[in-house]
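Summary of the model geometry
Given next are the chains, with one letter for each unit.
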Amino acid sequence: MLECEVCGTSNAETARVCGNCGVALHIPRARLHLDRAEGLASDGKYDAAEQALGRADRELVQLGPQHHASRQLQARSLYIQGLANYGRGKMEQARADLQQAVQQLEPAGDLAVLAHALRVLGNTDYLQGRIDSAADYYRRSVAAAEQAQAYGLAASATANLGNIAVVRNDQVEAAALHRQGLAYAELDGSADALGIAYHSIMWFYINSAPFDQALDYANRAMQIQTKIGNPKRRALVLADIGLIYTRWGDYLRAESCLTEAAEIANQVDDNTLIALTNAYLTKLLRYKGDDEGWLTAAARGFHNLDASLSIRLDCGEQLALYYAYHRDAAHARPLLDWTQQRAVRQELQGGQPMLERMQAYIHFALGDYAKADAQFHHSLTHDNLSPYEQATAWEEYARLALLYAPDDAAMQTQAQEAIAKARALYTRVGLTTRAAELDTLASE
């Protein structure tokens, strides 16, 4: 129903003017179409969302730019357009839409819409490696959400700030932000808000110690995931759980979660989620020993131009490892060219260690062990590496040194030292099964 702005009379959705006072119903009709557009965009139905936006915009044209409600409704339309472009992976277009929406909302606009727009702006910058800018948007989003008493939204933006603290290797700040995010979610009380908080906390303990905390939150998240109404949020939580089980070595449960997450991501046609679940599946396929699946998934993720740079780097590292372990110098060389071009552009920020590891693995494949050694050790000089990331890096270095230079005494000594470092780090984070595997490797 359409409620008249003047007299409050309820009118049919098809009505053009109020049946009681005769006032044109452009404002309630625009709001109706915007509500539908936002719901459709949130569900990943971007074409239908744009059609609803078009209908809303036609009402706004009839309303006129001087009307008191025009600016705020137009700002919300821009936010929803940005949300749709973000979901499609069109990051620069999304950023432009959202920035324009924020400019119109910040003077005295709808605080909840402003908080949403700022959060998605933060997401676009985070996924493109603009970490400082993303953090600023998230902080502004939390402030607006608090004022609007939109605690689920505050939980989401706070969780993202926690993830940034992890990237910056500030574990104390990250833990505090995750606790605050959980407090917001509990205040909200919905499964969707709790899903955001669990995603945040799981990701924190996925990379830090102790790993049994990650398993604990994965089990809690499994209990509520079927109640999460937002399909994208549910897919993200399932993907997190799948990654935790993959690292723990429970590949059967990992595959079940990741397969379901991938199915949901494809159903809602969310390029970001599709790329993310593919990156996690790449690791699972590798650990399962499925070489063909490993190569296919890694190549698909790396060559997906709609994916964020961070996800492409993640898949690129898996691709470099595949070429290294399979002694495929022919395919490794073009990948090295790509990494060198990215390094020259200096657009990576937090992804620099991963790029340097890629180069180290590729140099192994190309037979240049001196460059591989130098590049690898340089990749570990960055201060934003989690204990888990350091452990896996040392493990890969050791395995490749043992594979490529079995007769080089110096390299073999370094390989054993790398095994010891990886084992200590796995033990520190609580991945005892991974540590035990390295005992076997050291004795081979």
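Here, the structure is the one placed above.
Here the residue numbering is sequential within each chain, running from 1 through the sequence in written order. Only residues with pLDDT of 70 or above have their local features reported here, since the model is predicted, and side-chain atom pairs are shown and tallied only from 80 upward, although totals for entire chains, interfaces and linings are computed over all residues. Think of the side-chain values as coming from all heavy atoms in the structure, minus any hydrogens and water.

1. Here's the deal with the pattern of salt bridges
Opposite charge on two side chains makes pairing possible when the charged atoms of those side chains draw close. A carboxyl oxygen of Asp or Glu within 4 Å of a side-chain nitrogen of Lys or Arg is what we treat as a salt bridge. The tally for this structure, following the rule as stated, stands at 27 salt bridges. Salt-bridge contacts for D132 lead to R168; the nearest nitrogen and oxygen are separated by 2.5 Å. Taken as a pair, D132 in helix α6 (residues 131-148) and R168 in the loop between α7 (151-167) and α8 (171-188) lie far apart in primary sequence, 36 residues in all. When a residue's accessible area, from a 1.4 Å probe over protein chains only, is under 20% of the maximum for its type it is buried; when over 50% it is exposed; and in between it is partly exposed. Relative accessible area serves as the criterion here: at 39%, R168 is assigned to the partly exposed category. Across the pair D439 and R423 runs a salt bridge, and its minimum N-O distance is 2.6 Å. One end of the pair, D439, is in helix α21 (residues 432-443); the other, R423, is in helix α20 (residues 409-429), and 16 residues separate them in sequence. The class of D439 is partly exposed, set by a relative accessible area of 38%. Connected through salt bridges with shared partners, the residues E92, R95, D125 and R130 form a single ionic network. Strands here mean DSSP runs of E at least two residues long; helices mean DSSP runs of H or I at least four residues long; both are numbered from the N terminus.

2. Describing helix α12 (residues 251-267)
With 17 residues, α12 extends 24 Å between its outermost C-alpha atoms, agreeing within 8% with the 24 Å of an ideal straight helix rising 1.5 Å per residue. Of all the positions in α12, only A254, C257, L258, A261, A262, I264 and A265 are classed as buried. The arc enclosing the buried residues of α12, seen along the axis, measures out at 160°, which places them on a common side. Set apart from the buried face of α12 by more than 90 degrees, the exposed residues are L252 and Q267. Between the first and last residue of a helix there are one fewer steps than residues, each counted as 1.5 Å, and that sum is the expected span. This arc corresponds to the set of directions leading from the helix axis out to the C-beta atoms.

3. As for the side chain of N271
Among the structural elements, N271 can be located in helix α13 (residues 271-288). Here a polar contact is taken to be a pair of N or O atoms separated by no more than 3.5 Å, where protein atoms must pair a possible hydrogen donor with a possible acceptor and residues adjacent in sequence count only if both atoms sit in side chains. Within the local environment of N271, its side chain forms a polar contact with the backbone oxygen of R88, the two atoms lying 2.3 Å apart. Contact partners of N271, with chain neighbours within four places excluded, come to G87, R88, G89 and D306. Note on contacts: a residue pair is in contact if any heavy atoms of the two residues lie within 4.5 Å.

4. Concerning the side chain of R247
Its place among the elements puts R247 in helix α11 (residues 231-248). Among buried Asp, Glu, Lys and Arg side chains, R247 stands out as unpaired, with D314 the closest opposite charge at 7.1 Å. Of the polar contacts made by the side chain of R247, one reaches the backbone oxygen of I206; its length is 3.0 Å. We treat Lys and Arg as the positive residues and Asp and Glu as the negative residues; His and chain ends play no part in the count.

Geometric values such as these leave the question of function open.
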